[in-house]
Amino acid sequence: MEKTIFVVGAGKGLGNAVARKFGADGFRVVLMSRSAEHLADYQREMQSEGLEVATQVADTADQTSLAAAMQQAVQTYGVPDVLFYNVGITAADADVSGGINTKVLEQRYQVDVLGAYTCIQQVLGAEFSQKQGTILITGGGLSMYPSAAYLPLSMDKAALRAMVSALHSVCKEQNVFIGTVQVCDTIGGSEKYMPEKIAEQFWKLYQDRTDAEIVY
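Keep in mind that this is a model prediction, so the values were computed, not measured.

Draft legend 1. Highlighting the pattern of salt bridges. Overall, the coordinates contain 8 salt bridges when judged by the stated rule. A salt bridge links glutamate 49 to arginine 20; its shortest N-O distance comes to 2.9 Å. Residue glutamate 49 is located in the loop between helix H2 (36-48) and strand S3 (53-57), and its partner arginine 20 is located in helix H1 (residues 14-24); the two are separated by 29 residues in the primary sequence. Relative accessible area serves as the criterion here: at 26%, arginine 20 is assigned to the partly exposed category. Glutamate 200 is the salt-bridge partner of lysine 21, the closest N and O atoms lying 3.7 Å from each other. In this pair, lysine 21 sits in helix H1 while glutamate 200 sits in helix H7 (residues 195-208), placing the two residues 179 residues apart along the sequence. Residue classification places glutamate 200 among the partly exposed residues on the basis of a relative accessible area of 39%.

Here it is as structure tokens:
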């Protein structure tokens, strides 16, 4: 039976690299992001490479609409075998107009953390357990080495890391694996951190189903 991966946070970098990695290994890929136009472009590109690709518009900043989008994807494509959450606002704090305040912190948390939790809640269940489902989360080195220059992102990556750690044993009892790759440098900034290289780490997590995280 064909396996399916939901890629929440499809994009030209890591999101699409992971989609291609799993797609090349026989997965049907469901790309999800808030831009229908970009999704259509990604779908055409990957289909031209021989991959089976579908799309679903989803906005991780709005938990109600995100839950509805996830439910629609499940209804259309079935419960996935893998959920990959790759959403995060990575802009430096100095680039934020008006500076960092509680409103910015709240908005970032919605996207970076609550979106992940919402997506997880929409797939967890008896069928996901029966499939021995996998949840993969993009983490960051800021979760371990926070920076005042990236305060919201540091806080949010730490929260994601805590969530994965807390849920790891609970999910294991349900035959579900949850894990994260802590990406410790700029994606695409060097050969080691090219998206395709990082995608291999997520594939390793998926295959091994042991440690809650890979620090990369």
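Back to the write-up after that little detour.
Draft legend 2. Seen up close, the sheet that holds strand S5 (residues 134-140). Taken together, the 7 strands give an open sheet; going across it, the order is S3-S2-S1-S4-S5-S6-S7, and neighbouring strands pair in parallel fashion. Each having just a single partner strand, S3 and strand S7 (213-215) make up the two edges of the open sheet. Direction aside, neighbouring strands of the sheet carry axes that sit 20 degrees apart on average. The sheet contact formed by strand S1 (residues 3-8) and strand S2 (residues 27-33) spans 6 bridges and is parallel. Residue pairing in the sheet places phenylalanine 6 in a bridge with valine 30 of S2. Along the sheet, H1 contacts S1, S2, strand S4 (82-85) and S5; its crossing angle with S2, the most-contacted strand, is approximately 165 degrees. Against the sheet, helix H6 (residues 151-173) engages S5, strand S6 (177-183) and S7, with an angle of about 150 degrees to S6.

Draft legend 3. The pairing of S3, seen in detail. Judged from the 5 bridges that link them, S2 and S3 form a sheet pairing that is parallel. By the bridge assignment for S3, leucine 31 is matched with threonine 55. Running through H2, the crossover from S2 to the neighbouring parallel element S3 is right-handed.

Draft legend 4. Highlighting the packing of aromatic side chains. All told, the structure shown has 8 aromatic pairs when counted by the stated rule. Judged by centre distance (5.4 Å) and plane angle (65 degrees), the rings of phenylalanine 22 and tyrosine 206 are edge-to-face. Separated by 184 residues along the polypeptide, phenylalanine 22 in helix H1 and tyrosine 206 in helix H7 bring together distant segments of the chain. Here the two residues phenylalanine 22 and tyrosine 206 agree in accessibility, since each one is buried. Consider the rings of tyrosine 193 and tyrosine 216, whose centres lie 5.4 Å apart with planes at 70 degrees: the pair is edge-to-face. Here tyrosine 216 lies in the segment after S7 and tyrosine 193 lies in the loop between S6 and H7, a separation of 23 residues in the sequence.

Cut-offs and rules
- Residues numbered from 1 in each chain as written.
- Predicted model: local features only at pLDDT ≥ 70, side-chain atom pairs only at ≥ 80, totals over all residues.
- Heavy atoms only, no water.
- Salt bridge = Lys/Arg side-chain N within 4 Å of Asp/Glu carboxyl O.
- Helix = DSSP H or I, 4+ residues; strand = E, 2+ residues; numbered from the N terminus.
- Buried < 20%, exposed > 50% of the residue type's maximum accessible area, 1.4 Å probe, protein only.
- Pairing = 2+ DSSP bridges.
- Axes fitted to C-alpha atoms, helices over the stretch in contact; angles between N-to-C directions.
- Contact = heavy atoms within 4.5 Å.
- Right-handed = clockwise from strand over helix to strand, strands pointing away.
- Phe/Tyr/Trp six-rings, centres within 6.5 Å; stacked < 30°, edge-to-face > 60°.

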